[in-house]
Amino acid sequence: MKVFVHSAMKQIGWIPGGAQALIEALQEVITPDGLIMMAAQSTDNSDPKNWSRPAVPEAWWETIRQEMPAYDPGKTPTRSIGKVPELFRTFPDVKRSAHPMWSVTAWGKDAEFFVADHTIDNGFGPGSPLEKFIEADGQILHIGSPWDSTTVWHYAEYGIDRPLEESGCKMKQGDEEVFIRYQHRIIDSDPFGPIGEGMMDESFVTTGKVGQAESHLVSAKE
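Residues numbered from 1 in each chain as written. Predicted model: local features only at pLDDT ≥ 70, side-chain atom pairs only at ≥ 80, totals over all residues. Heavy atoms only, no water.

J.: Kindly report on the sheet that holds strand S3 (residues 95–96), identifying the contributing residues and their values.
T.: Taken together, seven strands build an open sheet; the order of strands is S3-S4-S2-S1-S5-S9-S8 and the sheet is mixed. Both outer strands of the open sheet, S3 and strand S8 (205–210), are each paired with one neighbouring strand and no more. Two strands pair when backbone bridges link them, and strand S1 (residues 2–7) and strand S5 (residues 139–143) are joined in this way by five bridges, in the parallel orientation. When the sheet's bridge partners are listed, His6 is paired in S5 with His142. Each of S1, strand S2 (35–39), strand S4 (104–108) and S5 is contacted by helix H2 (residues 18–30), which is oriented at about 145° to S2, the strand it contacts most. (Pairing = 2+ DSSP bridges. Helix = DSSP H or I, 4+ residues; strand = E, 2+ residues; numbered from the N terminus. Contact = heavy atoms within 4.5 Å. Axes fitted to C-alpha atoms, helices over the stretch in contact; angles between N-to-C directions.)

J.: Any chance you could break down the packing of aromatic side chains for me, citing the residues and the numbers?
T.: Per the stated rule, a full pass over the model turns up five aromatic pairs. Taking 4.4 Å as the distance between ring centres and 15° as the angle between the ring planes, the aromatic pair formed by Trp102 and Phe124 counts as stacked. Of this pair, Trp102 sits in the loop between S3 and S4 while Phe124 sits in the loop between helix H5 (111–115) and helix H6 (129–135), placing them 22 residues apart in sequence. An identical accessibility class is assigned to Trp102 and Phe124; each is buried. (Phe/Tyr/Trp six-rings, centres within 6.5 Å; stacked < 30°, edge-to-face > 60°. Buried < 20%, exposed > 50% of the residue type's maximum accessible area, 1.4 Å probe, protein only.)

J.: Tell me about the pattern of salt bridges, residues and numbers included.
T.: Overall, the coordinates contain eight salt bridges when judged by the stated rule. With a shortest N-O distance of 3.1 Å, Arg181 and Asp47 are connected by a salt bridge. With Arg181 in strand S7 (residues 176–185) and Asp47 in the loop between S2 and helix H3 (61–67), the pair connects residues that are 134 residues apart, well separated along the chain. For Arg181, a relative accessible area of 46% corresponds to the partly exposed category. (Salt bridge = Lys/Arg side-chain N within 4 Å of Asp/Glu carboxyl O.)

J.: How would you explain unusual backbone geometry if you had to name every residue and give the values?
T.: With an omega of 0°, the peptide bond running from Arg53 to Pro54 counts as cis. Mapped onto the elements of the fold, Pro54 is located in the loop between S2 and H3.

Don't take any of this as a statement about function, it's just geometry.
Spelled out as structure tokens, the structure:
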């Protein structure tokens, strides 16, 4: 199988080994012949003028742009997406995509293919790792996590009329670290909760328990 994993450790309940044990259990079940993917978003590598949680004074913006470190797949931490994806990105043989803000990670068969060519321009849309995952008949796995964390569904937002937002990020260009500006699609996960609740009875959704966590396996293509 190919699974895109979202998880909430506190919903599972206490397990010996915590996040490490969960990741290793997933790897044991999926095996290297399958594929595990997770979000690895580093949304703080962005233009500080757009920050809101928390916002920073305008007088700081240019200093932040100049001093923030460039995106590095091996070093840049994830932000606000939990312990499991942050630990997963450090595991042996896990590959990480090159998008400076919306990267994803992958482990297993053809992992490098699934994270390749993740450019600023394609984000969550056509040509992105999400599209490859959907076309490969991947399954979205929620382990106690809310529907509004469903990363794969952002792909659908590229099929509706949604405005662009000017942003920026710090990237490596040769030996230099440069703050560049670009435009990206405005995304909004607020509708994902009602969407998920509304499809619970569909044939392509399997529900069960992982520990104490209500969990769902969903066909990404469907």
